[in-house]
Amino acid sequence: MKPIKKRLLTMAVVASLSPLPSFAQEITISQDQLDQIVARAVDKALAKRQEKLDAAALKKADALATQQATQVPWVEQAQPVPQVTTTSTSATSPAPTSPATDIPYGLKFSAYARYGANFQGGDQKYVGVDGSYNGSSGIGRLGNEGYGGEFQLTKFFKAENGAIWDVGVMFDHWSDEVNLKKAYAGVTNLFESQPQLYLWAGRDFHQRPQQDINDYMWMAHDGQGAGIKNFDINGIKFDLAGVGAVENCESQVVSDGDNPSRITCTGGAGTGEAGNYALTSKIHDIKLGPLDVDIYANYGFDSKAIDSKERTKAWQGAVVLSHTTDKTMNKLITRYSDNSDNSVYRKTESLRTLYTSFEGLYTFNPKTTVKYLLAFHDYDNSEQTEDNRKNYAAIVRPMYFWNDVHSTWLEAGYQRVNYETGGDNKGWKLTLSQNISFAMGPEFRPMLRFYVTGGKVDNQHTANTTDSEDTTLDSFNVGAMWEAWF
């Protein structure tokens with residue numbers, strides 16, 4: 001039986017490699033020749049199969065890299081899957097390039113944007129508890145956020161000495177104004193001893209670490225100035241910068257003259273600084289056993305552009321502990337601020353705030369993932385105690401991916417704002433979202449989203465302190481939107 005099978009195999013292999021007329025002729029072949037023919041045929045088939053697998057893997061890797069190169073859900077730094085993702089979420093500056101980076105040809109276009117429609121069927125278009133540390137998003141952002149976008153053009157240059165330059169310009173649209181948010185230049189691979197060191201100057205998004213599920217920038221120092229990133233000392237990286245808050249005009253109606261409706265300005269950003277400055281620093285790439293550690297320290301001060309009675313100083317520090325495995329990513333954030341909250345630009349005398357949160361992601365299997373967040377915010381002003389409050393928030397978002405296109409997400413959020421006097425404000429929100437996305441996973445965009453949101457808020461403290469009659473607000477909203485970053 002074995003000789004027969006061998007002859008049949010021989011005939012099949014030769015037939016596949018030879019034209020039909022030649023096969024009809026008498027064939028004489030040795031065992032060695034037969035082995036060589038079979039081996040070549042097998043190698044050829046395996047090579048073709050491997051080419052297909054490599055092409056598919058490369059396509060998926062390119063898609064993931066493109067998503068992570070822009071502002072994904074934890075915006076200051078894109079996270080590997082599994083991730084709680086920039087977005088950001090807001091689009092950020094391109095990450096400092098490595099010396100081996102191929103310079104893109106022409107202009108690179110990047111953006112973060114979301115637009116759509118949200119039909120209000122209840123008392124609130126966006127479910128929010130009064131006194132929340134982050135507005136309506138503090139109770140969960142899914143199906144509960146406004147629209148707008150940030151659009152950037154970047155040009156890269158590579159000098160003859162190997163230095164890599166990039167110049168970027170960004171406009172945003174989050175209100176009725178379109179503003180210039182970025183106009184900067186930066187360079188890396190300038191020093192042989194520090195090839196990853198990145199020097200920059202201009203106007204830029206700056207030190208804005210952002211959480212995804214509650215869309216919270218727990219530090220925010222966008223402005224214009226200069227700084228360095230990735231100064232390397234034995235593998236530990238340092239970022240340092242001096243920045244100033246951009247001036248903004250306060251629009252006012254001019255009542256005199258022939259045109260009483262004329263206004264002094266449209267409310268957009270100017271070209272200079274407002275007089276509020278910050279020295280910012282970050283130490284990162286610290287390994288502490290299984291933990292990744294980031295440390296922040298910032299100092300805020302004012303120039304003589306600010307009236308002397310209003311000048312004050314502020315500082316803040318934060319520690320971030322992260323742990324990532326093939327199925328989980330968890331992060332513990334603790335930030336303390338003196339005379340400020342999340343930005344040392346904005347100062348309030350005698351204010352002390354503490355923010356801490358635990359957030360993460362767990363992947364049960366390739367189709368089932370859950371994100372979660374617990375947050376605590378303590379706002380304490382010893383001179384103006386009427387606003388003192390403690391804020392508690394919990395958000396959970398299970399996600400099921402039917403395939404690489406369709407997914408269903410459910411987000412539940414609860415928030416309680418506990419004031420020292422006058423009672424509490426509290427509320428809950430529930431959103432069901434059906435999505436069509438670019439690829440399979442919570443971090444992939446573009447995405448089309450169709451959702452329904454319900455919730456209830458009881459602002460008892462607001463009613464007690466403002467003599468309002470209606471303390472309970474019910475919400476039932478239906479919406480559709482798209483979200484993209486690239």
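Per-chain numbering applies: the sequence of each chain, read as written, is numbered from 1 onward. Totals for whole chains, interfaces and linings use all residues, but because this is a predicted model, local features are given only for residues with pLDDT of at least 70 and pairs of side-chain atoms are given and counted only at 80 or more. Just so you know, side-chain values use all the structure's heavy atoms and leave hydrogens and water out.

Engineer: So what exactly am I meant to see when it comes to the overall build of the chain here?
Structural biologist: The number of helices and strands found in the chain is four helices and 18 strands. Partly exposed residues are those whose accessible area sits between 20% and 50% of the maximum for their type, while under 20% is buried and over 50% is exposed, using a 1.4 Å probe and protein chains only. Taken over 486 residues, the chain has a buried fraction of 43%. Carbon and sulfur atoms provide 59% of the accessible area of the chain, an area that totals close to 24,700 Å². Strands here mean DSSP runs of E at least two residues long; helices mean DSSP runs of H or I at least four residues long; both are numbered from the N terminus. Calculation of accessible area relied on Shrake-Rupley with a 1.4 Å probe; when residues are assessed, cover is drawn exclusively from the protein chains displayed.

Engineer: I tried to follow the pattern of salt bridges on my own but got confused; where do I start?
Structural biologist: Proximity of charged atoms lets side chains of opposite charge pair with each other. A pair is scored as a salt bridge if a Lys or Arg side-chain nitrogen falls within 4 Å of a carboxyl oxygen belonging to Asp or Glu. Within this structure, the stated rule accounts for 20 salt bridges. Linking Glu145 and Arg449 is a salt bridge whose minimum nitrogen-to-oxygen distance equals 3.9 Å. A residue pair is termed long-range when its members are at least 10 positions apart, and Glu145 in the loop between strand E1 (107-120) and strand E2 (148-158) and Arg449 in strand E17 (residues 447-459) qualify at 304 residues. Each member of the pair Glu145 and Arg449 is classed as buried. Notably, a salt bridge pairs Asp292 with Lys287, separated by 2.5 Å at the nearest N-O pair. Classification of Asp292 by relative accessible area gives partly exposed; the value is 26%. Here Lys287 falls in the exposed class, since its relative accessible area comes to 62%.

Engineer: Before we go on, may I ask you to explain the packing of aromatic side chains in this structure?
Structural biologist: For any two aromatic rings, the description comes down to two numbers: the centre-to-centre distance and the angle of the planes. Here a Phe, Tyr or Trp ring, Trp counted by its six-membered ring, pairs with any other such ring whose centre lies within 6.5 Å, and the pair is stacked when the planes are under 30 degrees apart, edge-to-face when over 60, and tilted otherwise. Within the structure shown, the criterion is met by 15 aromatic pairs. Between Phe358 and Tyr372, the aromatic rings sit 6.2 Å apart at their centres with planes inclined by 25°, giving stacked as the arrangement. Of this pair, Phe358 sits in strand E12 (residues 347-365) while Tyr372 sits in strand E13 (residues 368-381), placing them 14 residues apart in sequence. Ring-pair connections join several aromatic residues into one group, and the members of that group are Tyr112, Trp174 and Trp485. Here Arg208 stacks its cationic end above the ring of Phe205, 3.6 Å away from the centre of that ring. Placement of a positive charge over a ring is assigned whenever Lys NZ or Arg CZ falls within 6 Å of the ring centre and within 35 degrees of the normal to the ring plane.

Engineer: Would you explain the side chain of Glu411 in this entry?
Structural biologist: Relative to the assigned elements, Glu411 resides in strand E15 (residues 406-419). In the analysis that follows, any N or O atom pair within 3.5 Å is treated as a polar contact, provided that within protein one partner can donate a hydrogen and the other can accept it, and provided that, for residues neighboring in sequence, both atoms belong to side chains. Polar side-chain contacts of Glu411 include one of 3.1 Å to the backbone nitrogen of Leu142. Contacts were defined at the residue level, with two residues in contact if any of their heavy atoms lie within 4.5 Å. Setting aside anything within four residues of it in sequence, one finds Glu411 in contact with Gly140, Arg141, Leu142, Ile213, Ile395, Val396, Arg397, Lys429, Leu430 and Thr431.

Engineer: Can you walk me through unusual backbone geometry in this structure?
Structural biologist: Note: most peptide bonds trans; most residues except glycine with negative phi. Looking along the chain, the bond that leaves Arg445 and enters Pro446 is cis, with omega of 10°. Within the secondary structure layout, Pro446 lies in the loop between strand E16 (424-437) and E17. The phi torsion at Asp285 lies on the positive side, around 60°, for a residue other than glycine.

Engineer: Help me understand the layout of surface pockets, please; the structure alone is not making it clear to me.
Structural biologist: Where empty space is left becomes clear once a probe the size of a water molecule has been rolled over the atoms. Buriedness of a pocket was judged along seven lines, with at least five required to meet protein on both sides within 12 Å; pockets are open sets of points on a 1 Å grid over the protein atoms alone, cavities are sets where a 1.4 Å probe fits but cannot get out, and lining residues have an atom within 4 Å of a point. Grid points are joined across faces, edges and corners, and a volume is the space filled by probe spheres set on the points. Estimates place the volume of the second largest pocket at around 840 Å³. Contributing to the lining of the second largest pocket are 32 residues, with Asp172, Lys181, Arg208, Met217 and Asp222 lying nearest its centre. Every element with two or more residues in the lining of the second largest pocket is listed here: E1, strand E4 (178-188), strand E5 (198-204) and strand E7 (236-248). Polarity classes work like this: nonpolar for Ala, Val, Leu, Ile, Met, Phe, Trp, Tyr, Cys and Pro, charged for Asp, Glu, Lys and Arg, and polar for all others, with Gly in that last group. Per-class residue counts for the lining of the second largest pocket are twelve nonpolar, ten polar and ten charged.

Engineer: Explanation requested: the environment of Val178 in the structure shown.
Structural biologist: Summarising the element assignment, Val178 is placed in strand E4. For Val178, a relative accessible area of 54% puts it in the exposed group. C-alpha separation for the pair Val178 and Glu150, spaced 28 residues apart in sequence, amounts to 9.6 Å. With sequence-adjacent residues up to four places away left out, Val178 is seen in contact with Phe171, Asp172 and His173.

Engineer: Is there a simple way to think about a negative patch on the surface in this case?
Structural biologist: Judged by side-chain charge, Asp123, Glu469, Asp470 and Asp474 come together as a negatively charged surface patch. By the secondary structure assignment, Glu469 is in the loop between helix H4 (460-466) and strand E18 (472-485). The residues that make up patches have over 30% relative accessible area and no salt bridge, and they are joined within 9 Å when like-charged or within 5 Å when they are Val, Leu, Ile, Met, Phe, Trp or Tyr. Positive charges are assigned to Lys and Arg, negative charges to Asp and Glu, while His and the chain termini are left out of the count. Here the site of a charge means NZ on Lys, CZ on Arg, CG on Asp, or CD on Glu.

Engineer: I would appreciate a short explanation of a nonpolar patch on the surface in the present structure.
Structural biologist: Among the surface-exposed residues, Leu107, Phe109, Phe151, Leu153 and Phe486 lie close enough to one another that they form a single nonpolar patch of about 460 Å² accessible area. Looking at the nonpolar patch, the elements that each hand over two or more residues are E1 and E2. Inspection of the secondary structure assignment puts Leu107 in strand E1. The exposure class assigned to Leu107 is exposed, which follows from its relative accessible area of 58%.

Engineer: Looking at this model, I keep getting lost on the pairing of strand E14 (residues 389-401). Mind explaining?
Structural biologist: Residues in a regular strand project their side chains so that they alternate between the two faces of the sheet. Residues of E14 alternate between two faces, with Arg389, Asn391, Ala393, Ile395, Arg397, Met399 and Phe401 buried on one and Lys390, Tyr392, Ala394, Val396, Pro398 and Tyr400 left unburied on the opposite face. One bridge is not enough; two strands pair if DSSP finds at least two bridges between them. In the sheet, E13 pairs with E14 via twelve bridges, with the strands oriented antiparallel. Bridge pairing links Tyr372 to Val396 in E14. As paired elements, E14 and E15 share eleven bridges and run antiparallel to each other. From the neighbouring strand, Tyr400 faces E15, where its bridge partner is Thr408. Following E14, the chain reverses through four residues before pairing antiparallel with E15.

Engineer: Sorry if this is basic, but what is going on with the nonpolar core here?
Structural biologist: Across soluble globular proteins, you tend to see nonpolar side chains buried next to one another. By convention a nonpolar core is built from buried Ala, Val, Leu, Ile, Met, Phe, Trp, Tyr and Cys residues, the set being connected through side-chain atoms within 4.5 Å. Ranked by size, the top nonpolar core spans 14 residues in total, and within it Tyr133, Trp218, Tyr296, Tyr355, Leu373 and Ala375 carry the most contacts. Going through the elements one at a time, strand E10 (314-324), E13 and E14 are the ones with two or more residues in this core. Counting residues in each nonpolar core, the second largest holds ten residues, with Tyr198, Val243, Val344 and Tyr345 among its members.

Engineer: Help me understand the pairing of E12 in this model?
Structural biologist: Pairing of strand E11 (residues 328-340) with E12, which is carried by twelve bridges, proceeds in the antiparallel orientation. Note that in E12 the partner of Ile333 across the bridge is Ser357. A loop of six residues connects E11 with E12, the two strands running antiparallel in sequence. Here E12 pairs with E13 via 14 bridges, running antiparallel. Note that in E13 the partner of Glu359 across the bridge is Leu373.

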